[in-house]
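Close look at the chain arrangement
Now for the letters of each chain:
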Amino acid sequence: MDTVNSAVETLIQSSNTLFILLGAIMVFAMHAGFAFLEVGTVRHKNQVNALVKIMTDFGFSAVVYFFVGYWVAYDVTFFTDAATLAENNGYTLVKFFFLMTFAAAIPAIISGGVAERARFWPMLTASALTVGLVYPFFEGIIWNGNYGFQAGLESRFGAQFHDFAGSVVVHGVGGWIALVAVLLLGNRHGRYRGDRLVAYPPSSIPFLALGAWVLCIGWFGFNVMSAQTLDGISGLVAVNSLMAMVGGIIVALILGRNDPGFIHNGPLAGLVAVCAGSDLLHPIGALAVGGVAAALFVWLFTLMQNRWKIDDVLGVWPLHGVCGAWGGIAAGIFGSEALGGLGGVSLLSQLAGTLVGVTVALVGGLVVYGGVKLIVGLRLSQEQEFNGADLSIHRIESTSVE
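Everything in this summary refers to the structure shown in the same document. Quick caveat, the model's predicted, so the values are computed rather than measured.

Before going further, it helps to spend a moment on the overall build of the protein. A count of helices and strands for the protein gives 16 helices and 2 strands. Expected size for 402 residues packed as a compact globule is a radius of gyration near 21 Å; at 21 Å, the protein falls within 12% of this value. Principal-axis analysis of the C-alpha atoms gives the protein an extent of 75 × 50 × 45 Å. Within the protein, buried positions represent 55% of all 402 residues. If you take every contact in the protein between residues at least 6 apart in sequence, the share linking residues at least 24 apart comes to 80%. For the protein, the distance from the average site of its 17 positive side-chain charges to the average site of its 23 negative ones is 19 Å.

Okay, here's the thing in structure tokens:
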């Protein structure tokens, strides 16, 4: 009997390890989506830089999160022998891999906002500090119960802040940090002439679309595998993700007036927003959440570019920052039993958790990016920006004509 029990436990543990490993690989693949979304959106002279930033940010994020960030968030280190780390089929290591791909999404998000005029090494340094300290600080508060914040919400409002897959923890934090970085950098030269916006059309709609498709596909690993164990898997999460995605597509199509940039970012807006409550919402509620998110993205991206004159190249603040915050709040609205959800959430807790996440992002972003700007500077020279980041930083163009 003991042998049978042991075999069953081994099977369960190995299945859980494989489950979360597949999730880690799917979210890892999403970084290709981030890369090609940026490659397709920026001008031709900045395509190489977009690809290199996403790759190098991932590499530095993995190392920093391994040694520092995971420790800050979960009080777990890997300074032990390999035999210990390999226990339980190495589940602890694979869980780190999965959560590291989330952490690495922070600089990938920021990259799209600061594209075409940011220095390479200062921004890479800022990314490492963000992944090592700022992001895991809030991650630990929400997903590990650090500092008693969640316990306080539960005692006061009857429920903890619920963010199943990171609408606020990942996307909201990344988007609001990006806003700080964008404002500190300033607009690209020539983007505005007086009160007139100068159009910088995307270099490649096919690459932009490819990036959006890769992100959409990988997002099902991002959301569904956030259960982290096989027995927690839920078809509700999958279908809610689907419905929020298509809600974003339809609303972005209508409000964006057939613009391919809006159409391909619409599903991403919906997916960002549904992360928090994807395990609670009714699919019709998820459809509404995704539609509202796409409307917010189209409206705010147009407003910030045309009226506010904030040069967020990929619109990462409205897409991740605002839609992420909306997702955190929406989980408290559409997750309620009155609107067909599973319940167990408090709107006041959702508001409080979202506000704290935005605050941590703004303060952390200002400290990190403001500090780097003060010490070494963040921005390329006007000549380097004119020549493009590809030649100025990497000394090669994305394509060669012989």
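Having put the structure on the table, let's press on.
Turning next to the environment of Gly370. Looking at the element boundaries, Gly370 is found in helix α14 (residues 347-375). Between the alpha carbons of Gly370 and Asn187 there is a distance of 16 Å; along the sequence they are 183 residues apart. Apart from the residues within four sequence positions on either side, Gly370 is in contact with Leu184 and Gly365.

Turning our eyes to something else, we now look at unusual backbone geometry. Positioned with a positive phi, Asp75 is a non-glycine residue whose angle comes to about 55°. Phi at Asn258 takes a positive value of approximately 70°, unusual for a residue other than glycine. Position of Asn258 among the secondary structure elements: in the loop between α10 (235-255) and α11 (260-274). Of the residues examined, Asn258 reaches a relative accessible area of 58% and is grouped as exposed.

Running from N to C, helix α8 (residues 167-185) and α14 cross one another at 40°; their axes reach a closest spacing of 8 Å. Here α8 lies oblique to α14, going by the angle between them. Pair α8 / α14 crosses with right-handed handedness. Here Val168, Val173, Trp176, Ile177, Val180, Ala181 and Leu184 of α8 lie close against α14, whose contacting residues are Gly353, Thr354, Gly357, Val358, Ala361, Leu362, Gly365, Leu366, Tyr369, Gly370 and Lys373. Across the contact of α8 with α14, the residue classes tally to 12 nonpolar, 5 polar and 1 charged.

Next up on the list: the packing of aromatic side chains. Both the distance between ring centres and the angle between the ring planes are used here to describe each pair of aromatic rings. Tallied over the full model, the rule gives 25 aromatic pairs. Measuring from centroid to centroid gives 6.2 Å for Phe60 and Trp121, while their planes differ by 75°, and the two rings are edge-to-face. One end of the pair, Phe60, is in helix α2 (residues 47-74); the other, Trp121, is in helix α6 (residues 120-143), and 61 residues separate them in sequence. Taking the relative accessible area as the measure of exposure, Trp121 reaches 55% and is therefore exposed. For the pair Phe137 and Tyr147, a centre-to-centre distance of 5.5 Å together with 45° between the ring planes defines the contact as tilted. Of this pair, Phe137 sits in helix α6 while Tyr147 sits in the loop between α6 and α7 (149-157), and the two are 10 residues apart along the sequence. Residue class for Phe137 comes out partly exposed when judged on its relative accessible area of 34%. What makes Tyr147 exposed here is its relative accessible area of 63%. Ring-pair connections join several aromatic residues into one group, and the members of that group are Tyr65, Phe66, Phe67, Tyr70, Tyr74, Phe78, Phe79 and Phe96. Directly above the aromatic system of Tyr200 lies the positively charged group of Arg43, at a separation of 3.9 Å from the ring centroid. Above the ring of Tyr74, the side-chain terminus of Lys95 is found at 5.8 Å from the ring centroid.

This model, assessed by the stated rule, comprises 6 salt bridges. Note that Glu38 and Lys53 form a salt bridge whose closest N and O atoms lie 2.9 Å from each other. Taken together, the residues Glu38 in helix α1 (residues 2-41) and Lys53 in helix α2 connect sequence positions 15 residues apart. For the pair Glu38 and Lys53, one class covers both residues: buried. Glu116 serves as the salt-bridge partner of Arg43, at 2.8 Å between the closest nitrogen and oxygen. Of this pair, Arg43 sits in the loop between α1 and α2 while Glu116 sits in the loop between α5 (105-113) and α6, and the two are 73 residues apart along the sequence.

Grouped together as the largest cluster of nonpolar side chains are 111 residues, with contacts concentrated most on Tyr65, Trp219, Phe222 and Tyr369. With 11 residues, the single largest contributor to this core is α8. Not counting residues within four places of it along the chain, the set of residues in contact with Tyr65 comprises Tyr70, Tyr74, Phe96, Leu99, Met100, Ala103, Val131, Tyr135 and Glu139.

A few words on the packing of α6 against α8. Relative to each other, α6 and α8 sit at 140°, their axes nearing to 10 Å. Considered as vectors, α6 and α8 are oriented oblique to each other. The chirality of how α6 crosses α8 is right-handed. For the pair α6 and α8, contact is made by Thr130, Val134, Tyr135, Phe138, Glu139, Ile142 and Trp143 and by Val168, Val169, Val170, Val173 and Ile177, respectively. Taken together, the residues of the contact of α6 with α8 sort by class into 10 nonpolar, 1 polar and 1 charged.

Cut-offs used in this document
- Residues numbered from 1 in each chain as written.
- Predicted model: local features only at pLDDT ≥ 70, side-chain atom pairs only at ≥ 80, totals over all residues.
- Heavy atoms only, no water.
- Helix = DSSP H or I, 4+ residues; strand = E, 2+ residues; numbered from the N terminus.
- Rg over C-alpha atoms; globule rule 2.2 N^0.38 Å.
- Buried < 20%, exposed > 50% of the residue type's maximum accessible area, 1.4 Å probe, protein only.
- Contact = heavy atoms within 4.5 Å.
- Lys, Arg positive; Asp, Glu negative; His and termini not counted.
- Charge placed at Lys NZ, Arg CZ, Asp CG, Glu CD.
- Axes fitted to C-alpha atoms, helices over the stretch in contact; angles between N-to-C directions.
- Parallel < 35°, antiparallel > 145°, perpendicular 65-115°, else oblique.
- Left-handed = near helix turned anticlockwise from the far one by under 90°.
- Nonpolar A, V, L, I, M, F, W, Y, C, P; charged D, E, K, R; others polar.
- Phe/Tyr/Trp six-rings, centres within 6.5 Å; stacked < 30°, edge-to-face > 60°.
- Lys NZ or Arg CZ within 6 Å of the ring centre and 35° of its normal.
- Salt bridge = Lys/Arg side-chain N within 4 Å of Asp/Glu carboxyl O.
- Core = buried A, V, L, I, M, F, W, Y, C linked by side-chain atoms within 4.5 Å.

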